[in-house]
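Here is what each chain is made of, one letter per residue.
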2 protein chains.
Amino acid sequence: MAEEEEVILLDFWASMFGMRTRIALAEKGVKYDYREQDLWNKSSLLLQMNPVHKKIPVLIHNGKPVCESLFQLQYIDETWPDNNSLLPSDPTYKRALAKFWADFIDEKVNVAARRIWATKGEEQEASKELIEILKTLESELGDKDYFGVETFGYVDIALIGFYSWFGVYDKYGNINIESECPKLIAWAKRCLQRESVAKALPESEKVTTFISERRKKLELD
Amino acid sequence: MAEEEEVILLDFWASMFGMRTRIALAEKGVKYDYREQDLWNKSSLLLQMNPVHKKIPVLIHNGKPVCESLFQLQYIDETWPDNNSLLPSDPTYKRALAKFWADFIDEKVNVAARRIWATKGEEQEASKELIEILKTLESELGDKDYFGVETFGYVDIALIGFYSWFGVYDKYGNINIESECPKLIAWAKRCLQRESVAKALPESEKVTTFISERRKKLELD
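If you look chain A up in an unreviewed UniProt entry, it shows as Glutathione S-transferase from Camelina sativa. According to its UniProt record, chain A has this under Sequence similarities (unreviewed entry): "Belongs to the GST superfamily. Tau family." Heading Function (unreviewed entry) of the UniProt record for chain A holds this comment: "Is involved in the conjugation of reduced glutathione to a wide number of exogenous and endogenous hydrophobic electrophiles."

Structure (structure tokens):
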């Protein structure tokens, strides 16, 4: 990496979206300045860098912001192409497929998962839905080690952060993801053997405590 | 194009997502077999090609399905790179920005727009929101001819299909997009001068009639 490169990540420790970007930067060996954000009192830097959505993570590369975690992964993959490809480089069809599944995770997993802990009265329906969605992903995984077929890649990075929240979904959705989706859990443990993942994911208990406090503030408990 | 190429598009005439893919294929000069789908009685081909979302458009290239219109645009751009680039080829940063705005259109424009005609009682709030969203896009456009700076491209294609629905939003949202967002209308008219766009977009009146009938079936009118 050239000396003049300046990479800053505006992030929040419990964000599964931020985890994606942290993992991708680690996979590429990119050094960066991590700046934890207060989401309930947003910094002027965050508002300036992501005026449209005002959301983390924001990747700032040489002063220019890249928003949305999946686009950050694509940006990182294109900007630092030498180490560990995240998206399949060939053929084009596999790239489209990887984008499809990452999008599925954003649209389906994220929406159902959030409904479990952030709503009142929708937990049962949402947790049933989440299990179905995770089973769809499990069947897409099949007997492969990773979603990226042989190597850890884009779809794995898109999904793995949610693993640190599984305790939250189990607790508030009254489910047991481990017994429902054993292959997915085996996959997650495989991913966690990578240093990039192990360092990016917080302890499950820390996330559960955080959400327990959030729910009190939201008057859900 | 090699003789063995087989390109099929499963689509529905009024879909602004399908319009994107039709425009992109036309821009690239790709010949394809257009197959209109009955969305209320889905074909076995559609269910087989998009088992997860069961949605059009589906682009089938040599037997393999590519789902989700924005990924189809990226796939088309990568598969037929010679004619008219859709995404900026360089630098990477501009590509990330184009993806950001297309995603904004999917997340914001589409959601607010649908709420205007497909719900009861949310029209006023949704139409106010839509105008704000369109103004954000207008300010991103600025004094440029196209969102893709000098040439018609990815973001233009992502947005232009909605133009054929503006009559629907005006009618059911009780708004006047033309007077609220004159620069956006000028941009749309500029886009419509392209053959690829003119051929892909249906007449506004045809869309309005279609939605009027849909609303009756949904018992909204």
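Okay, back to it.
Let's shift gears to the sheet that holds strand 4 (residues 64-67) of chain A. Residue and element names in this part refer to chain A. Taken in spatial order, the 4 strands line up as 2-1-3-4 in an open sheet, and their pairing is mixed. Of all strands in the sheet, those bounded by a partner on one side alone are strand 2 (33-36) and strand 4. Taking the axes of each pair of neighbouring strands and ignoring which way they run, one obtains an average angle of 20° across the sheet. Pairing of strand 1 (residues 7-11) with strand 3 (residues 58-61), which is carried by 4 bridges, proceeds in the antiparallel orientation. Bridge assignment links V7 to a residue of strand 3, and that residue is H61.

The interface of chain A with chain B comprises 24 residues on the first partner and 24 residues on the second. Both faces considered, chain A and chain B share a buried interface measuring about 2,300 Å² in area, 66% of it formed by carbon and sulfur atoms. The largest contributions to the chain A side of the interface with chain B come from F71, Y93 and F100 of chain A, which together make up 26% of the buried area. In this structure, the salt-bridge partner of R95 of chain B is E78 of chain A, at a minimum N-O distance of 2.6 Å. Between the two partners, chain A and chain B, sit 8 residue pairs in polar contact (both at pLDDT 80 or more). Of all the secondary-structure elements, those providing two or more residues to the side of chain A that touches chain B are strand 4, helix 3 (69-79) and helix 4 (92-118) of chain A. Here the side of chain A that touches chain B takes 11 residues from helix 4 of chain A, the largest share from any one element. Across the side of chain A that touches chain B, the residue classes break down as 11 nonpolar, 5 polar and 8 charged.

All right, on to the domain arrangement of chain A then. Residues and elements named next belong to chain A. Looking at chain A, the domain boundaries give domain 1 (7-79) and domain 2 (92-217). The gap between the C-alpha centroids of domain 1 and domain 2 is 20 Å. Together domain 1 and domain 2 conceal approximately 1,800 Å² of surface at their shared face, both sides included; 71% is due to carbon and sulfur atoms. It is W13, M16 and I23 in domain 1 that bury the most area against domain 2; as a group they hold 34% of the surface buried on that side. Connecting domain 1 to domain 2 are 2 salt bridges. In this structure, R194 engages E27 in a salt bridge whose closest nitrogen and oxygen atoms are separated by 2.9 Å. Taken together, the links from domain 1 to domain 2 amount to 7 residue pairs in polar contact (both at pLDDT 80 or more). The element best represented in the side of domain 1 that touches domain 2 is helix 1 (residues 16-28), accounting for 8 residues. Classifying every residue of the side of domain 1 that touches domain 2 by side-chain character gives 11 nonpolar, 1 polar and 3 charged.

The subject of this paragraph is the UniProt feature "domain: GST C-terminal" (unreviewed entry) in chain A. In the UniProt entry, the feature "domain: GST C-terminal" (unreviewed entry) is given for residues 91-210 of chain A. As a span, residues 91-210 of chain A carries 74% helix and 0% strand, and end to end its C-alpha atoms are 42 Å apart.

Here we take up helix 5 (residues 123-141) of chain B. All names here are of chain B. The first and last C-alpha atoms of helix 5 sit 26 Å apart over 19 residues, in line with the 27 Å expected at 1.5 Å per residue. For helix 5, the elements touching its buried residues are helix 4 (92-118), helix 6 (154-163), helix 7 (166-173), helix 8 (177-180) and helix 9 (182-192). Positive backbone phi, at 60°, marks G142, one or two positions downstream of helix 5.

For any two helices packed against each other, one specifies the crossing angle of their axes together with the interaxial distance. At a closest axis distance of 10 Å, the pairing of helix 4 of chain A and helix 3 (residues 69-79) of chain B adopts a crossing angle of 165°. The angle between the axes of helix 4 of chain A and helix 3 of chain B places the two elements in the roughly antiparallel class. Helix 4 of chain A and helix 3 of chain B meet at a crossing whose hand is right-handed. Along the contact surface, helix 4 of chain A presents T92, Y93, R95, A96, K99, F100 and D103 of chain A, while helix 3 of chain B presents F71, Q74, Y75, E78 and T79 of chain B. In terms of residue class, the contact of helix 4 of chain A with helix 3 of chain B is made up of 5 nonpolar, 3 polar and 4 charged.

Calculation rules
Residues numbered from 1 in each chain as written. Chains lettered and ligands numbered in written order. Predicted model: local features only at pLDDT ≥ 70, side-chain atom pairs only at ≥ 80, totals over all residues. Heavy atoms only, no water. UniProt positions renumbered as here; feature names shortened; annotations may be inferred. Pairing = 2+ DSSP bridges. Helix = DSSP H or I, 4+ residues; strand = E, 2+ residues; numbered from the N terminus. Axes fitted to C-alpha atoms, helices over the stretch in contact; angles between N-to-C directions. Contact = heavy atoms within 4.5 Å. Buried area = accessible area lost by both parts, 1.4 Å probe. Salt bridge = Lys/Arg side-chain N within 4 Å of Asp/Glu carboxyl O. Polar contact = N/O pair within 3.5 Å; in protein donor to acceptor, adjacent residues only side chain to side chain. Nonpolar A, V, L, I, M, F, W, Y, C, P; charged D, E, K, R; others polar. Domains from an automatic or database assignment. Expected span 1.5 Å × (residues − 1). Parallel < 35°, antiparallel > 145°, perpendicular 65-115°, else oblique. Left-handed = near helix turned anticlockwise from the far one by under 90°.

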